[in-house]
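Notes for the structure review
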Amino acid sequence: MTEGGTAARSDLRGGAGWVGFGLLILFGSWRMERFESMGAQLYAMPGFVPALLGGTLVLLGLVLMLRGWTRRRHETGASSDGDTATAPLINRRIAAMLALTLTYAVLLIGRLPFWLATALFVAAFVALYAPPERGRARRLVVALAAGTITSAVVTWVFQFVFLVRLP
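Residues numbered from 1 in each chain as written. Predicted model: local features only at pLDDT ≥ 70, side-chain atom pairs only at ≥ 80, totals over all residues. Heavy atoms only, no water.

**Thoughts on the pattern of salt bridges**
By the definition in use, this model includes two salt bridges. The shortest N-O distance in the salt bridge between Arg-67 and Asp-11 comes to 2.9 Å. Of this pair, Arg-67 sits in helix α2 (residues 48-74) while Asp-11 is found in helix α1 (residues 3-31), placing the two residues 56 residues apart along the sequence. We classify Arg-67 as partly exposed; its relative accessible area is 43%. A relative accessible area of 8% means that Asp-11 is categorised as buried. When the shortest N-O distance is used, the salt bridge between Arg-71 and Asp-11 registers 3.4 Å. Highlighted residues: Arg-71 in helix α2 and Asp-11 in helix α1, separated in sequence by 60 residues. (Salt bridge = Lys/Arg side-chain N within 4 Å of Asp/Glu carboxyl O. Helix = DSSP H or I, 4+ residues; strand = E, 2+ residues; numbered from the N terminus. Buried < 20%, exposed > 50% of the residue type's maximum accessible area, 1.4 Å probe, protein only.)

This is the structure:
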């Protein structure tokens with residue numbers, strides 16, 4: 001399989017994934033309370049921003065799928081030797097990212113203070129994905145600093161700018 005074929009297939013699969021995720025967000029935002037009985041305007045409804053984001057993901061996913069389809073159609077010199085080996089859809093780095101994100105969302109949020117859960121999540125994420133050529137001590141210091149600063153900024157913005165009470 002040529003590199004163009006692999007990229008085209010990857011674009012098609014990735015685009016389909018983003019379209020599906022965007023549709024799930026759109027569906028969830030449509031089901032959110034609209035507070036129409038209280039006279040809420042369209043732009044103040046809780047599902048408005050998620051619907052915009054979900055719609056954007058659907059649109060960009062479709063663009064990515066179109067790009068993959070176009071690449072596949074215009075591919076020249078396709079391999080005819082029957083080589084259909086493909087890279088795995090979920091590799092070790094993606095699996096680690098999913099595990100970290102699910103641990104944060106399912107296990108940490110609600111059980112620990114928000115600022116601590118966020119600091120731990122960001123620090124673990126940065127430590128895991130820091131360039132391996134950096135020294136271990138430096139990676140840990142950078143990860144702890146990133147976790148602490150991110151947690152402080154996010155907590156402050158949500159509590160004092162958006163006026164959202166965090167768990």
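Back to the text.
**Description of the nonpolar core**
With seven residues, the main nonpolar core is built from Tyr-104, Leu-108, Phe-114, Ala-117, Phe-121, Val-122 and Leu-166. When residues of this core are traced back to their parent elements, those giving at least two are α3 (92-108) and α4 (114-129). Considering each element in turn, this core owes the most residues, four residues, to α4. The contacts of Phe-121, once residues within four sequence positions are left out, are Leu-100, Thr-101 and Tyr-104. (Core = buried A, V, L, I, M, F, W, Y, C linked by side-chain atoms within 4.5 Å. Contact = heavy atoms within 4.5 Å.)

**Considerations on the side chain of Thr-155**
Here Thr-155 lies in helix α5 (residues 136-161). Within polar-contact distance, the side chain of Thr-155 engages the backbone oxygen of Ser-151 at 2.7 Å. Apart from residues no more than four positions distant in its own chain, Thr-155 is found in contact with Phe-114, Trp-115 and Leu-166. (Polar contact = N/O pair within 3.5 Å; in protein donor to acceptor, adjacent residues only side chain to side chain.)

**Side note on the environment of Ala-16**
Within the secondary structure layout, Ala-16 lies in helix α1. Residues Ala-16 and Leu-64, 48 residues apart in the sequence, show an inter-C-alpha distance of 8.4 Å.

**Overview of α5**
Across its 26 residues, α5 extends 36 Å between first and last C-alpha, which sits within 8% of the 38 Å expected from 1.5 Å per residue. The inward-facing, buried residues of α5 abut α4. Of the residues one or two after α5, Leu-163 is the one with positive phi, at around 55 degrees. (Expected span 1.5 Å × (residues − 1).)

**Section: the packing of aromatic side chains**
If you walk through the whole model with that rule in mind, you get five aromatic pairs. Consider the rings of Trp-18 and Phe-21, whose centres lie 6.2 Å apart with planes at 65 degrees: the pair is edge-to-face. With Trp-18 and Phe-21 both in helix α1 and three residues apart, this pair spans about one turn of that helix. Ring geometry for Tyr-104 and Phe-121: centres 4.5 Å apart, planes at 25 degrees, overall stacked. A residue pair is termed long-range when its members are at least 10 positions apart, and Tyr-104 in helix α3 and Phe-121 in helix α4 qualify at 17 residues. Among the residues examined, Tyr-104 registers a relative accessible area of 15% and is labelled buried. Classification of Phe-121 by relative accessible area gives buried; the value is 17%. (Phe/Tyr/Trp six-rings, centres within 6.5 Å; stacked < 30°, edge-to-face > 60°.)

Shape is all these values report; function is a separate question.
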